[in-house]
Amino acid sequence: MKKITIAGGGVLGSQIALLNAYHGMDTTVWLRSPASIDRAKPKFEKAIQEILADIDLAKKHPGFIPSGLVIDGQFDPEIARKKILEAKDKIHFELDLAKAVDGADLVIETVSEAAPDKIEFYKKMAPLLDDKTIVVTNSSTLLPSMFAEASGRPDRYLSLHFANHIWKNNLTEVMVQPRTDPESFEAVIDYAKSIGMDPVAVRKEKSGYLLNSMLVPFLFSAMDLLVTGVSDVDDIDKAWIKGSGAPYGPFRILDSVGLETARNIALMYSQIPDDIAPFHYKDIAKMLGEKIEKGEKFYS
Ligand SMILES: NC(=O)c1ccc[n+]([C@@H]2O[C@H](COP(=O)([O-])OP(=O)(O)OC[C@H]3O[C@@H](n4cnc5c(N)ncnc54)[C@H](O)[C@@H]3O)[C@@H](O)[C@H]2O)c1
């Protein structure tokens, strides 16, 4: 794959576009309006500044390597700095969807997390695509089978889920939906490797992919221990760190994930009837809401 189109230029779209261009891909970002371009530009600038800061960090601490910036097994901070600055100028921005997807080997959809918006986008794009084009969604919470039909090419449609800060957190989860063909799946795995990612295979559709299928119950178990008064933040984290050898406990992880994200999940699960819910979601949402209101995290 050489010609990549990214639909959307927000937090993730900007990072994905930059890494594509950094690794030598022909990179186009489709945005729906001139106002979207104005909103996207600061996101690109922020991502570049964060990447440059990590390159500087790697210079000072050679043990730290932003894995997504490694090329052919090598990471040289000076070369990385030059290449990321060049990458910025190589990205094409396009408002015309037909032009944006013309000849694309891969379209990566990074439109906001709203199913109706994504469906509308796929329906508009489907008649414009070349036969060869594979389409992936970066959605964190919506299953690809929800969009396979609207993509117009269910056999060449799947998920490619990046993690935030992709230049250093270079896990990507490649997930099929029931109609994805094996060649498209393998092609997307190879593509992910070619832009510095470290892909994992999710061979059955699964909400939460691999990471969040493990992480979300873990974090909610910890918060449940807190809201039911079983223990406190420090001791719950200590139990995990001392007992498992992990560097961080669940509340440090929650601070880094963001309390807003955790609260949104808690609110969503609060709809499960109390007698069958595995955790006290309503109490957890309330506790998180109070902390957010006061501008607090668990550790500051
Ligand atoms: N932010 C993260 O940490 C993260 C991590 C992994 C995956 N994701 C996923 O990536 C996707 C994008 O997330 P983000 O954080 O980059 O969002 P964002 O809000 O920063 O950017 C969304 C982009 O979609 C565009 N957009 C919004 N509505 C649209 C519409 N109706 N039609 C066309 N374009 C539209 C916006 O102009 C913007 O460029 C989501 O599916 C999200 O689940 C996000």
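Note that the structure is a prediction, hence the values are computed from the model and not measured.

1. Comments concerning the overall build of the chain
Summing up its helical and strand segments, the chain has 11 helices and eight strands in all. The globule rule puts the C-alpha radius of gyration for 300 residues at 19 Å, and the 20 Å found for the chain is close to it. The C-alpha extent of the chain, read off along each of the three principal axes, is 60 × 50 × 40 Å. For the chain, restricting intrachain contacts to residue pairs at least 6 apart in sequence, the fraction spanning at least 24 positions comes to 68%. In the chain, which carries 36 positive and 43 negative side-chain charges, the distance between the mean positions of the two groups comes to 3 Å.

2. What to know about unusual backbone geometry
The backbone phi angle of Asp72 is positive, close to 50 degrees, even though this residue is not glycine. Relative to the helices and strands, Asp72 resides in the loop between α2 (34-60) and α3 (77-90).

3. Let's talk about a positive patch on the surface
Together, Arg32, Arg39, Lys43 and Lys124 line one region of the surface with positive charge. Mapped onto the elements of the fold, Lys124 is located in helix α5 (residues 115-125). Its relative accessible area of 46% is what places Lys124 among the partly exposed residues.

4. Quick notes on the packing of helix α7 (residues 211-227) against helix α8 (residues 233-244)
Axis separation between α7 and α8 bottoms out at 9 Å; the angle between their running directions is 140 degrees. In terms of axis orientation, α7 runs oblique to α8. The way α7 lies across α8 gives a crossing that is right-handed. In contact with Phe218, Ala222, Leu225 and Leu226 of α7, α8 contributes Val233, Ile236 and Trp240. Its residues assigned to classes, the contact of α7 with α8 shows seven nonpolar, no polar and no charged.

5. Things to note about the domain arrangement of the chain
By convention, interface size is frequently given as the accessible area that disappears when the constituent parts associate. The assigned domain composition of the chain is domain 1 (3-202) and domain 2 (213-291). Using C-alpha coordinates to define each centre, domain 1 is positioned 30 Å away from domain 2.

6. Some points on the site of the ligand
Near the ligand you find 22 residues, and of these Gly9, Val11, Leu12, Glu113 and Lys118 are the closest. Contact between the ligand and Arg32: a nitrogen atom at 3.3 Å from a side-chain N or O atom of the residue. In this structure, Val111 approaches the ligand through a main-chain N or O atom, which is 3.4 Å from an oxygen atom. Taking 830 Å² as the accessible area of the ligand by itself, protein coverage stands at 79%. For the shell around the ligand, the residue count by class is six nonpolar, 11 polar and five charged.

7. Some points on the pairing of strand β4 (residues 106-109)
Neither face of β4 is exposed, since Leu106 and Ile108 on one face and Val107 and Glu109 on the opposite face are all buried. Pairing geometry for strand β1 (residues 3-7) and β4, over four bridges, is parallel. Bridge pairing links Thr5 to Val107 in β4. Pairing geometry for β4 and strand β5 (residues 134-137), over four bridges, is parallel. Counterpart to Ile108 in the pairing with β5 is Val136. On the question of chirality, the crossover connecting β4 to the parallel β5 by way of α5 is right-handed.

8. A look at the sheet that holds strand β6 (residues 157-162)
Overall, mixed pairing links the eight strands, which are arranged β3-β2-β1-β4-β5-β6-β7-β8 in an open sheet. Among the strands making up the open sheet, the edge pair consists of β3 (92-94) and β8 (198-202). Neighbour-to-neighbour, the strand axes of this sheet turn through a mean angle of 25 degrees, independent of strand direction. As paired elements, strand β7 (residues 171-175) and β8 share five bridges and run parallel to each other. Following the sheet pairing, Leu171 is matched in β8 by Asp198.

9. Things to note about the environment of Tyr122
When you line up the elements, Tyr122 lands in helix α5. Through-space distance from the C-alpha of Tyr122 to that of Val174 is 19 Å; in sequence the pair is 52 residues apart. What Tyr122 contacts, discounting residues up to four positions off in sequence, is Glu109, Val135, Val136, Thr137, Phe147, Ala150, Ser151 and Tyr157. A distance of 2.8 Å separates a polar atom in the side chain of Tyr122 from a polar atom in the side chain of Tyr157.

Rules used in this analysis
Residues numbered from 1 in each chain as written. Predicted model: local features only at pLDDT ≥ 70, side-chain atom pairs only at ≥ 80, totals over all residues. Heavy atoms only, no water. Helix = DSSP H or I, 4+ residues; strand = E, 2+ residues; numbered from the N terminus. Rg over C-alpha atoms; globule rule 2.2 N^0.38 Å. Contact = heavy atoms within 4.5 Å. Lys, Arg positive; Asp, Glu negative; His and termini not counted. Charge placed at Lys NZ, Arg CZ, Asp CG, Glu CD. Patch = residues over 30% accessible without salt bridge, like charges linked within 9 Å, V, L, I, M, F, W, Y side chains within 5 Å. Areas by Shrake-Rupley, 256 points an atom, 1.4 Å probe, with all protein chains shown as cover. Salt bridge = Lys/Arg side-chain N within 4 Å of Asp/Glu carboxyl O. Buried < 20%, exposed > 50% of the residue type's maximum accessible area, 1.4 Å probe, protein only. Axes fitted to C-alpha atoms, helices over the stretch in contact; angles between N-to-C directions. Parallel < 35°, antiparallel > 145°, perpendicular 65-115°, else oblique. Left-handed = near helix turned anticlockwise from the far one by under 90°. Nonpolar A, V, L, I, M, F, W, Y, C, P; charged D, E, K, R; others polar. Domains from an automatic or database assignment. Near = heavy atom within 4 Å. Polar contact = N/O pair within 3.5 Å; in protein donor to acceptor, adjacent residues only side chain to side chain. Pairing = 2+ DSSP bridges. Right-handed = clockwise from strand over helix to strand, strands pointing away.

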